[in-house]
Amino acid sequence: MSASSAPEQRIARVASELAACLPALHRALERRVAAEYPHPKPPEGQLALLRFVAQREGATVREAAEALLMKPNNVSALVSQLTERGELERRQDAADKRIAHLHLTESSRQRIAEVRALEESHLGQAILSLTDGELDALGSAVGALKVLTRHLHAAAC
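Heads up: these notes are all about the structure in this document. Only a predicted model underlies this, so the values are computations on that prediction, with no experimental measurement involved. (Residues numbered from 1 in each chain as written. Predicted model: local features only at pLDDT ≥ 70, side-chain atom pairs only at ≥ 80, totals over all residues. Heavy atoms only, no water.)

Observations regarding the overall build of the protein chain
Within the protein chain one finds six helices and two strands. The order of α-helices and β-strands along the protein chain, N terminus first, is α-α-α-α-β-β-α-α. Computed over its C-alpha atoms, the radius of gyration of the protein chain comes to 19 Å, more than 25% above the 15 Å expected for a compact globule of 157 residues. Reported as C-alpha extents along the three principal axes, the dimensions of the protein chain are approximately 60 × 40 × 20 Å. Residue burial in the protein chain is summarised as follows: out of 157 residues, 22% are buried. Considering only contacts within the protein chain whose residues lie at least 6 apart along the sequence, 54% involve residues at least 24 apart. When the accessible surface of the protein chain is summed, it comes to about 10,800 Å², and 59% of that surface belongs to carbon and sulfur atoms. (Helix = DSSP H or I, 4+ residues; strand = E, 2+ residues; numbered from the N terminus. Rg over C-alpha atoms; globule rule 2.2 N^0.38 Å. Buried < 20%, exposed > 50% of the residue type's maximum accessible area, 1.4 Å probe, protein only. Contact = heavy atoms within 4.5 Å. Areas by Shrake-Rupley, 256 points an atom, 1.4 Å probe, with all protein chains shown as cover.)

The structure is reproduced here in structure tokens:
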């Protein structure tokens, strides 16, 4: 093996393991939460939009579309569905009436908080099974995963 191929092989191995591990982690967590959460789970697109608005209260449809890597008309359709169900509010911009700002309803805010608490509880329980070294490694990896997410997001725009 040449010196230049060793880093390439390491990157390929890490990329392969992440591509396999992250979706499996997500599915396992979703299933655990779904087993305990008393309300029906919205479709993934709606859920992604609700979570985005929870983080960026007052965002516009265009901002949501850019952040979620979706077309604005698709986000607009999701906003309409969620507004009809009373989970999201559109508020007109004071300066420009063509622009609407998105806000969670109180019930949506409560449900997202419930789901987040379940997620954190299940992850916390699973983390208890890790060794101190594994916990340290996972803590260090979180920062790297955030940077990786930003790079992938920027490349997808």
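That was the structure; now back to the text.
With respect to the layout of surface pockets
For the largest pocket, the calculated volume is near 2,200 Å³. Every residue lining the largest pocket is counted, 50 residues in all, and those nearest its centre are His 26, Leu 29, Arg 51, Arg 116 and Glu 119. Sorting elements by how many residues they give to the lining of the largest pocket places helix H6 (residues 132–156) first, with twelve residues. Split by residue class, the lining of the largest pocket holds 32 nonpolar, six polar and twelve charged. (1 Å grid on protein atoms, 1.4 Å probe; cavity = no way out; pocket = protein on both sides within 12 Å on 5 of 7 lines; lining within 4 Å. Points joined across faces, edges and corners; volume = space filled by probe spheres on them. Nonpolar A, V, L, I, M, F, W, Y, C, P; charged D, E, K, R; others polar.)

So, a nonpolar patch on the surface
Side chains of Leu 22, Leu 25, Leu 123, Ile 127, Leu 135, Leu 138 and Val 142 sit close together on the surface and give an oily, nonpolar patch of about 520 Å² of accessible area. Contributing elements (two or more residues each) for the nonpolar patch: helix H1 (5–36), helix H5 (106–127) and H6. Among the elements that take part in the nonpolar patch, H6 stands out by supplying three residues, more than any other. As for its position among the elements, Val 142 is in helix H6. (Patch = residues over 30% accessible without salt bridge, like charges linked within 9 Å, V, L, I, M, F, W, Y side chains within 5 Å. Salt bridge = Lys/Arg side-chain N within 4 Å of Asp/Glu carboxyl O.)

Re the nonpolar core
The nonpolar side chains of a soluble globular protein tend to be buried, and buried together. Ranked by internal contacts, the top residues of the largest apolar core, which has 16 residues, are Leu 49, Val 53, Val 75, Val 79 and Leu 88. Elements with a contribution of two residues or more to this core: helix H2 (44–55), helix H3 (61–68), helix H4 (72–84) and strand S2 (100–104). Filtering out sequence-adjacent residues up to four positions away, Val 79 remains in contact with Leu 49, Val 61, Leu 88, Arg 90 and Leu 102. Core analysis: the second largest hydrophobic core is formed by five residues, Leu 29, Val 33, Val 115 and Leu 118 among them. (Core = buried A, V, L, I, M, F, W, Y, C linked by side-chain atoms within 4.5 Å.)

As for the packing of H1 against H5
Running from N to C, H1 and H5 point in directions that differ by 120 degrees, and their axes come no closer than 10 Å. Classified by the interaxial angle, the pair formed by H1 and H5 is oblique. Remark: the crossing between H1 and H5 carries right-handed chirality. Contacts from Leu 29, Arg 32, Val 33 and Glu 36 of H1 reach H5 at Val 115, Leu 118, Glu 119, His 122 and Leu 123. Its residues assigned to classes, the contact of H1 with H5 shows five nonpolar, one polar and three charged. (Axes fitted to C-alpha atoms, helices over the stretch in contact; angles between N-to-C directions. Parallel < 35°, antiparallel > 145°, perpendicular 65-115°, else oblique. Left-handed = near helix turned anticlockwise from the far one by under 90°.)

Thoughts on the pattern of salt bridges
Two side chains bearing opposite charge may form a pair once their charged atoms approach each other closely. Applying the stated criterion across every chain, the model contains ten salt bridges. Across the pair Arg 51 and Glu 119 runs a salt bridge, and its minimum N-O distance is 2.8 Å. Note that Arg 51 is positioned in helix H2 and Glu 119 in helix H5, a separation of 68 residues in sequence. Among the residues examined, Arg 51 registers a relative accessible area of 26% and is labelled partly exposed. Between Arg 98 and Asp 96 there is a salt bridge, with its nearest N and O atoms 2.9 Å apart. Relative accessible area serves as the criterion here: at 76%, Arg 98 is assigned to the exposed category. The network of salt bridges with shared partners includes Glu 30, Lys 41 and Glu 44.

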